[in-house]
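In case you want the letters, here they are:
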Amino acid sequence: MALPTETVYGLAADALDPTALAQVFAIKGRPLLDPLIVHVLDLAALAEIAEPDERLAAVSGFWPGPLTVVLRRRACVPDLVTAGKPTVAVRLPAHPVFREVLRLAGRPLAAPSANPFGYVSPTKAAHVADSLGARCPWIVDGGPCAHGVESTILDLSTPGRARLLRPGPITLEALQAKLGPIEVVTRAAHQQVAQDAPGMLERHYSPATKVVLFARGSNPPPAAGKVARLFLSRRPSVAPAEDFHLSETGSAEEGARHLFDLLRQLDARGFDVIQAELAEPVGIGVAYNDRLTRAAAR
Ligand code: AMP
Ligand code: MG
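Bear in mind the structure is a predicted one, so any value in this text is a computation, not a measurement.

Scoring rules and cut-offs
- Residues numbered from 1 in each chain as written.
- Chains lettered and ligands numbered in written order.
- Predicted model: local features only at pLDDT ≥ 70, side-chain atom pairs only at ≥ 80, totals over all residues.
- Heavy atoms only, no water.
- Axes fitted to C-alpha atoms, helices over the stretch in contact; angles between N-to-C directions.
- Helix = DSSP H or I, 4+ residues; strand = E, 2+ residues; numbered from the N terminus.
- Parallel < 35°, antiparallel > 145°, perpendicular 65-115°, else oblique.
- Left-handed = near helix turned anticlockwise from the far one by under 90°.
- Contact = heavy atoms within 4.5 Å.
- Buried < 20%, exposed > 50% of the residue type's maximum accessible area, 1.4 Å probe, protein only.
- Arc of directions from axis to C-beta.
- Pairing = 2+ DSSP bridges.

(A) Just the packing of helix 9 (residues 252-267) against helix 10 (residues 285-296), in detail. Closest axis-to-axis distance for the helix 9/helix 10 pair is 9 Å, and the angle between their directions is 20°. Taken as axis vectors, helix 9 and helix 10 run roughly parallel relative to one another. Seen from above, helix 9 lies across helix 10 with left-handed handedness. For the pair helix 9 and helix 10, the contacting residues are Ala252, Gly255, Ala256, Leu259, Phe260 and Leu263 in the first and Gly285, Tyr288, Arg291, Leu292 and Ala295 in the second.

(B) Structural context of helix 6 (residues 125-132). Burial in helix 6 covers these residues: Ala125, His127, Val128, Ser131 and Leu132. End-on, the buried residues of helix 6 take up no more than an arc of 155°, which puts them together on one face. Tucked into the core, helix 6 has its buried residues touching strand 1 (2-3), strand 2 (10-11), helix 1 (18-28) and helix 9. After helix 6 finishes, the residue Gly133 shows a positive phi value of roughly 50°.

(C) Quick peek at the sheet that holds strand 3 (residues 13-14). The eight strands are arranged 3-7-4-6-5-8-9-10 in an open sheet whose pairing can be described as mixed. A strand with exactly one partner marks an edge of an open sheet, and here the two such strands are strand 3 and strand 10 (183-184). Relative to strand 10, strand 9 (residues 161-166) runs parallel, the two being bridged by two bridges. In the strand pairing of strand 10, Arg163 is matched with Glu183.

(D) Summary view of the environment of Pro66. Along the chain, the position of Pro66 falls in the loop between helix 3 (56-59) and strand 5 (67-72). For the pair Pro66 and Val88, spaced 22 residues apart in sequence, the C-alpha to C-alpha distance is 16 Å. Leave out the neighbours within four places in its chain, and Pro66 touches Glu6, Thr7, Arg91, His147, Ser151, Thr152, Pro169 and Ile170.

What follows is the structure, encoded as C-alpha cells:
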C-alpha cells in the first residue's frame, strides 16, 4: 500500500514478511542489494528490531520525524530488508496517516519511496498513480508531503562513530548539536564504499529529461533546444512559458517541498533540458542540492 509520510510517499509492506517485501522490490524494480528503511510507531517497537545504543536518547527528540538511524539489527529482521547486512535503518515517521496504519498493522513497515527505482520520488498521491499505476494496488491520499525530500540518514551502527549517509530535513548542524562531531559521507566516497549504503547512487531521483545546474542567484547560460529554467525564487521572467519557480521568496524549505513535483511536471512536457538553480548550501538547502545533483548526474 502506498502511504503518505512527511518526507515523500512510501510503498509500505510488512517488514517481517519476506513475501510482502519481495513484492515491494518487484513493483519498484529495485535491486535486492538496496536495503529498505523500516518504520515503527515508537521506541518500544524500534527495540524489537534493532539493538540498543545509548546515543539514541540524544537523537530521539527528532522523532517522530524525518530522521532515519542505522543500527545493529536483531535476528527477526529479514535479509531482504537489510540486503544481508548486520544493520537495519529505522525511523519513527510523523505523518498521522502513516502512524495510524502502523497502529492498525501492529507490525513494523518497510517503506521505500513509492516510485520506480531511480526515478523522482513521489510527493503527491497522483505521482504514485502516474508512475506505478496498476502495479500498486492501494494508494492512500494524504495530500502533498510537508518536506518533499527523503529523510536524513544517520549511521550509528559502529560504536564511537557517527556518519551522515544522506542529508535531509534534519540538518547536520542540528544532529551535531546533540551528538558532537559527525562524519559526512560524500557522494564520491559512497561510490567506493557502495556496500555501506547501496542505494546512495550518484545518479538517482532522476527525470528522463537532462538536468543542468546553475549557481544560486546566477543566470543559466544560453542552451540549445527547448529549454526549461527552474528557479528557486520568482524572477522577472522573459519567457513565462519556459521559466518556472519553486518558491516566491527563495525559501529552500519551500523549494524542497515543490522540487520533485516540478521536476515531474517538466519531465512530461518534452523539454530538451531543464536548467535548475541550486540553493545556498545551508539547512535543508544541503538536501535540496544533493537531490538536484543526483538528478543531474548521467
Ligand atoms: P529510500 O529509498 O528513501 O527508502 O532509502 C533507502 C536508503 O536507505 C537505501 O538506499 C540506503 O542508502 C539506506 N539504508 C537503508 N538501510 C540501510 C542500512 N542497513 N545501512 C545503510 N544504509 C541503509
Ligand atoms: Mg527511493
